[in-house]
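Here is what each chain is made of, one letter per residue.
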Number of protein chains: 2
Amino acid sequence: MILTVTLNAALDVTYRVERLQVGGSTRVLAVAERAGGKGINVARVLRTLGHPAEVTGLVGGATGRAIRLELADAALPDAMVTVAGESRRTVAVVDEQAGETSVLLEPGPRVTPGQWRAFTARFAELVRSARVVVLSGSLPPGLPVDAYAQLLRIAGEHGLPTVLDAEGEPLLAALPERPALIKPNADELRATTGEADPQAAIARLREAGARSVVASLGAEGLLAVTPEGSWRARPPHPVAGNPTGAGDAAVAALAAGLLAGTDWPSALARAVALSAAAVAAPLAGSFDAALHRRLREQVAVTAHTPSTPSTPTR
Amino acid sequence: MILTVTLNAALDVTYRVERLQVGGSTRVLAVAERAGGKGINVARVLRTLGHPAEVTGLVGGATGRAIRLELADAALPDAMVTVAGESRRTVAVVDEQAGETSVLLEPGPRVTPGQWRAFTARFAELVRSARVVVLSGSLPPGLPVDAYAQLLRIAGEHGLPTVLDAEGEPLLAALPERPALIKPNADELRATTGEADPQAAIARLREAGARSVVASLGAEGLLAVTPEGSWRARPPHPVAGNPTGAGDAAVAALAAGLLAGTDWPSALARAVALSAAAVAAPLAGSFDAALHRRLREQVAVTAHTPSTPSTPTR
């Protein structure tokens, strides 16, 4: 079983509008709601792939109850822990005329030290039946910056491989606990390390403790630097659609690869195909299954020689 | 007691953001929630003025429960009727850098004919203890276009004066029931009658059945055409702020005037002062009490001779 952790779980709300009136009033044509947050999206993809996944994390308030109802509807095993605050909503406004989406992200509930201790105790129980742990997304207000470090330590005590998809200080603070895999995107690489060059940023993150780094570079595909070697994996052609959730699909494929002991080139090919198939699907956590099957055979994976960056920024 | 009716009650959510990123992601700095919809805003103002007001209308789902909790917090007597659908949220995104607010309006719950019959039965009980009835705002999906007409007929059977703040077909369908007062704004006058000239539009609405029309013309103040005479009431100076709720404050003052039997010039002066004081307050349903006291003495009310419009549009 793969355990996915979403500390800042969300109710993802989608508003379809004809045209967003900035500074005015816009009538919403249709409202859709679904449980979200990166770890929940990863679990949804894993479930569709046929891998049993359990979801844990923090939820609270009326929005927390709505998240849990939706998890039950999606048949995702729910091991969420309740906090007193109100879970966040994200509101995606899909502008049909402009063909663009604007997303509003609420901050999430304030978590107390006692609630955090209760969560880590529950997490320590849950890891006993897990074979891979995936930790994804932002931290809600009130959590210590080393929250992911604490969870990695607990997973490490059970010898479990871990995938961490985070950024900034929570990511940097977690690296000494040696996650098996981290999956930053280009923006997160730059924002976390201050390095403009992805390869230099990856090298820094590995020096700080990450065993393997798989960086998602948008249309360029994935760049993986691991103890077993380095690879680039590229989709055969660009895919248009909604990039939200593409990274989560890649994480799901990589976590499934860790579970199965798949070799890197195969796991990376699947991650690129699943990521592109997720872009083609309208909602995060979904993917276009036919496109996924087709692309899986077409992804180009090539060995890559890491270079020293020519222009370090600091 | 003044009974206010909000058929499409809402949970008004305010998001404070640094800068709205259209087509991108925006972090919400702070979330505030409050029961809304025009009739609820009117009741809130009446309560602050010291007039007992009761609120009725339709609520449903988790959002409906949140609306009722907030009514209880605000000590507004709650006679809402529950429907199966989900009450709407409105999301106001306050952009601090741009100094502008963008509002997203969900459609509201779909109401069945049986639920509407249950509401009219409840309304017929509630009017027995009311002395003025205020009907405000849009209709949720599923209601008949003559919903306000039906409620006006019931109030009329009890000889109650009625204030109607609506627009379009629901307003036109209600006029034969002879509401004591309607309060369209400039946009609503034009959209409802097709007349570009406010005076021509007011004349039409009175011909169709409205006893008195008090039109709110933004910074120009109010234009009242009544069986007792016609007046213009203007604020002494423009007030900057949030115009949402200014119309509801004017309706509250006019309803209080009907209850007390206040003469029109005094009632209009209070409506203009309260409306301007509402613009100066950040949330709909609130007003700046000191500004209200100061402005009340300074509003210029002048008799007005209705003219035939020089350029009728059709």
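How each quantity is defined
- Residues numbered from 1 in each chain as written.
- Chains lettered and ligands numbered in written order.
- Predicted model: local features only at pLDDT ≥ 70, side-chain atom pairs only at ≥ 80, totals over all residues.
- Heavy atoms only, no water.
- Least-squares fit on C-alpha atoms with pLDDT ≥ 70 in both.
- Contact = heavy atoms within 4.5 Å.
- Axes fitted to C-alpha atoms, helices over the stretch in contact; angles between N-to-C directions.
- Helix = DSSP H or I, 4+ residues; strand = E, 2+ residues; numbered from the N terminus.
- Left-handed = near helix turned anticlockwise from the far one by under 90°.
- Nonpolar A, V, L, I, M, F, W, Y, C, P; charged D, E, K, R; others polar.
- Parallel < 35°, antiparallel > 145°, perpendicular 65-115°, else oblique.
- Buried area = accessible area lost by both parts, 1.4 Å probe.
- Salt bridge = Lys/Arg side-chain N within 4 Å of Asp/Glu carboxyl O.

## Some remarks on the relation of the copies chain A and chain B
Each of the two chain copies can be brought onto the other by rotation about an axis and movement along it.
So, step 1. Rotating chain A by 179° and translating it 0.0 Å along the rotation axis places it on chain B, where the RMSD comes to 0.1 Å. Taken together, the rotation and translation describe the operation of a two-fold axis. It is Ala62(A) whose C-alpha, among those of chain A, lies nearest the rotation axis, at 3.6 Å.
So, step 2. Comparing interface residues between copies, 100% of those in chain A also sit at the interface in chain B, which points to an isologous, same-surface contact.

## Quick look at the packing of helix α9 (residues 264-279) of chain A against helix α10 (residues 289-296) of chain A
Residues and elements named next belong to chain A.
So, step 1. Where α9 contacts α10, the two axes come as close as 8 Å, and the packing angle between them is 145°. Helix-helix and strand crossings are classified by hand; for α9 and α10 the assignment is right-handed. Here Ala 269, Arg 270, Ala 273, Leu 274, Ala 276 and Ala 277 of α9 come into contact with α10, specifically with Leu 291, His 292, Leu 295 and Arg 296.
So, step 2. Across the contact of α9 with α10, the residue classes break down as seven nonpolar, one polar and two charged.

## What about the packing of helix α1 (residues 38-49) of chain A against helix α8 (residues 246-260) of chain A?
All names here are of chain A.
So, step 1. Taken N-terminus to C-terminus, the directions of α1 and α8 make an angle of 60°; their axes are 8 Å apart at the nearest point. The angle between α1 and α8 places the two elements in the oblique class. As for the relative orientation of α1 and α8, their crossing is right-handed in sense. Two secondary-structure elements touch here, α1 through Lys 38, Asn 41, Val 42, Val 45 and Leu 46 and α8 through Asp 248, Ala 249, Val 251, Ala 252 and Ala 256.
So, step 2. Partitioning the contact of α1 with α8 into residue classes produces seven nonpolar, one polar and two charged.

## Here we look at the interface of chain A and chain B
So, step 1. Every contact between the two is made by 23 residues of chain A and, on the other side, 23 residues of chain B.
So, step 2. Summed over both partners, the interface of chain A with chain B comes to about 2,100 Å²; 57% of that surface belongs to carbon and sulfur atoms.
So, step 3. Applying the counting rule to chain A against chain B returns zero salt bridges.
So, step 4. Within the residue set of the side of chain A that touches chain B, elements represented by two or more residues are β2 (10-17), β3 (25-27), β7 (88-95) and β8 (100-105) of chain A.

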